[in-house]
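# Working through the structure, step by step
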Amino acid sequence: MNNLAGSHILLTGATGFLGQATLERLLASYPDTHVSVLIRPRGERGGPERLSALLRKNVFRPLRERLGGDELARMVRQRVTVIEGDLGSVALPTDLDVVIHGASTVSFDPPVDEAFRTNVSGVATLYAALSGAPHVVHVSTAYVAGTRKGVVAETALDHNVDWRVELDMALAARAEAERDSRRPEILRRALAQAEAAHAKAGPQSTAADAERLRTEWVTRRLVDYGRTRAQSLGWPDVYTLTKALGERVAEQCWAHSGRPLSVIRPAIVESALRHPYPGWIDGFKMADPLIIAYGRGVLREFPGLPDSVLDVIPVDLVINAILAAAARPPGTEPAYLHVSSGASNPLTFRNMYLLCREYFERHPMPDGERGHITPPVWRFPGSQQVELTLRAGEQAAALAERILLRWPASKRSQDWLTSLSRQQQDLGQLREYADLYGVYTRAEVIYDDTRLRELHAALPAQRATEHGFDPTVIDWRAYLQDVHCPSITATVRRAGQQRAQSTAGRRGSSSPSPPISALSLPERTDVVAVFDLEGTIVHSNVVESYLWARLATTPRSGWLGELADLARCTPRYLYAERRDRGELLRAFLRRYAGARVEELRALVTEVLGDALLHRVMPEATRQIRRHRAAGHRTVLITGAVDLHVEPLSVLFDEVVASRMHEKDGVLTGFLDAPPLVDEARAAWLRQYAHAHGLRLDRSYAYADSYSDRPLLEAVGHPHAVNPDSALFRHAQRHRWVVHRWGEHTGGLLEVLFDVTRADATVELRSEARRHGGLR
């Protein structure tokens, strides 16, 4: 049976999973057909360019190898016409014999307006644009039946939902959500959350994050709108609701006048059984993320019913059924076909789990340096128990994150954050899968396939094997263990093998791989390398710098009183630090009031400079010199007082530091200008780069604090050095380079040691400076 000979076929959704498989099958096995494909431009690539890219994909590999690339290109030029644009904006051919409509959004939980625009409005637009009476093959899904139990017949859906009203409301939902998101109570919550996370980075960073939170609120609102509306009408999600309404559109806008309509309802479409080759799949489909997550040990349990039928069907059987239906137009009434396996060859969720577990026990997933992952044992405790366990894990992870972000930064705390991040990703995956797929793995429904089997039985015997769609031919053990699982895990395994080989290469080498900081830098004169000072170049901060100077001019008998006064003021300084780095600098630098400028400069030159240089991290010095050797301009940006950092000026082309106001040679305790902190550093850098013709996208920045995030984001090569916990988390998420330089034993004891080490020099000058020094 090949009644498609000589047919002109319109194919929508040609770049999707089913669409590309349909196009390949038509080109490979239906030589007398002509196919028009509707392809919208994307970015700079037009429809013809997207078709050319499609022909290079794996689905066409066997055909390309059989015919040769040139012959395949010639065939496509002769037999395929690209219609470039969107439905409603282009004229469709008037001589069509068959329309295979497969374009849709296949996400289960998109925003409600997006789902309705594609799956409902797009269907209405297509049928309004068609002329004549071609046979329409409308590709739907078996899950349009909704949330129900028992056997579902191959008939029209029984509901009275008005698709026009639902479409109007769904398309209006975004404007309503956008309006609601701008209400003061919503904005205040977003601002409070953004300030808690990003206040140290500056007001614009806070504002940008608040706006991000507002737009995320809009998206969540629209997703919740779609899910909740679908569930209130008896469907599990907005995807199945809109696909059901799309069927009703096809019935009312096309089949009502007797024009031929076939509705194809595939179940869970997975990798090919035979054609174009066993295991072909384009991306991950519904069951694949669950299988891979199970093999990786992420899914310790899942809220599925062990006896629920997981209705999987290979993609080539679906395509064969679509084309067989296309070749047999129905009469005056629409035809409905379930392309599924559950009725004739059921695969229970527990059986799938057991088969996958056997596969992963024989072929475990790689686990980096730790070897291989042992697949977990599922006991199917029920959805309620899984939900309680998942919620407890989420709450524990959130508490651990709050604690670690306040914990002093160290290698250990960063290792804990790294481990916690992996756990949160795993929990996030489990939550996503449980919310999206749980309803499908708890379904107690069977999709009758009587008409599908009748259509298959009508195939000529010589075509039944190659073009058939009988689900009973599937051997689930062979399919899952020899075809499907090897196919979907291949990419993950290759990545794991590459990581293992890289690790083995480093261990087998006589010399260790050089750290990133030791690799050669590109030589160019149009880039800048910007360094923060405290925590990045030296193990110190403004408090320690002050103590160096203050204790060096104070008898040891007065050290305790100075330290006690500093401790008394510490809560105020910490509060200022949490609010704004600039507030801390302004508050703390008031302690310099009354210091004589020349005496402080002499103290730095003769004594404190050595203490500062003693605390410079060797890795920082080497990296600065590498940048200079590569012709890069080097800049130091710090909130420290300029007098304190003068000894470091020989390392840099430019030093930008806080300058204190003085009167008659005495410091007043006030700054001459606002300090360069958080966003001000990034603004200064952009202006500096513009003035000197530097390319920031090729430039480098090194800093340790989350307050320097804007500075780091301003360059193409951000480096987090000994980062605080918030910056470390941000750097991990954005795959920035992270350095751990120096061995910081920390704080006050080091200051006392450095001052005492210079004690002989201090004693010679202390008496002369006691009355005019720092107060």
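For the structure, see preceding data.
Residues numbered from 1 in each chain as written. Predicted model: local features only at pLDDT ≥ 70, side-chain atom pairs only at ≥ 80, totals over all residues. Heavy atoms only, no water.

## Focus on unusual backbone geometry
Here the bond from H275 into P276 is cis, since omega is 0°, no more than 30 degrees from zero. Looking at the secondary structure, you find P276 in the loop between strand 8 (268-270) and helix 10 (287-295). Positive phi, normally seen in glycine, also occurs at F380, with a value near 50°. Residue position: F380 is located in the loop between helix 12 (349-362) and helix 13 (383-406). Among the residues examined, F380 registers a relative accessible area of 14% and is labelled buried. Here R735, not a glycine, exhibits a phi torsion of approximately 60°, which is positive. Among the secondary structure elements, R735 is positioned in the loop between helix 26 (725-733) and strand 19 (737-739). (Helix = DSSP H or I, 4+ residues; strand = E, 2+ residues; numbered from the N terminus. Buried < 20%, exposed > 50% of the residue type's maximum accessible area, 1.4 Å probe, protein only.)

## What to know about the pattern of salt bridges
The full count for this structure, using the stated rule, is 31 salt bridges. Of the charged contacts, one joins R357 and E361 as a salt bridge, the two residues approaching to 3.1 Å between their closest N and O atoms. With R357 and E361 both in helix 12, this residue pair falls four residues apart, about one helical turn. One continuous salt-bridge network, built from bridges that share partners, spans D113, E114, R117 and R174. (Salt bridge = Lys/Arg side-chain N within 4 Å of Asp/Glu carboxyl O.)

## Overview of the pairing of strand 7 (residues 261-266)
Within a regular beta strand, the side chains point alternately toward one face of the sheet and then the other, so they alternate between its two faces. Counting buried positions along strand 7 yields six of six residues, so the element is predominantly enclosed. Covered by surrounding structure in strand 7 are L261, V263 and R265 together with S262, I264 and P266, the residues of both alternating faces. As paired elements, strand 5 (residues 135-139) and strand 7 share four bridges and run parallel to each other. When the sheet's bridge partners are listed, V137 is paired in strand 7 with S262. (Pairing = 2+ DSSP bridges.)

## Description of the side chain of H159
Mapped onto the elements of the fold, H159 is located in the loop between strand 6 (149-152) and helix 6 (163-181). At 3.1 Å, the side chain of H159 and the backbone nitrogen of V161 are in polar contact. Residue contacts for H159: discarding those within four places in its chain leaves W235, A244, L245 and R248. (Polar contact = N/O pair within 3.5 Å; in protein donor to acceptor, adjacent residues only side chain to side chain. Contact = heavy atoms within 4.5 Å.)

## Here's the deal with the nonpolar core
L23, I100 and F302 are the most contacted members of the largest nonpolar core, which totals 99 residues. Among the elements that take part in this core, helix 11 (residues 315-326) stands out by supplying ten residues, more than any other. Within the second largest apolar cluster, 41 residues are counted, among which are V99, V123, V238 and W254. (Core = buried A, V, L, I, M, F, W, Y, C linked by side-chain atoms within 4.5 Å.)

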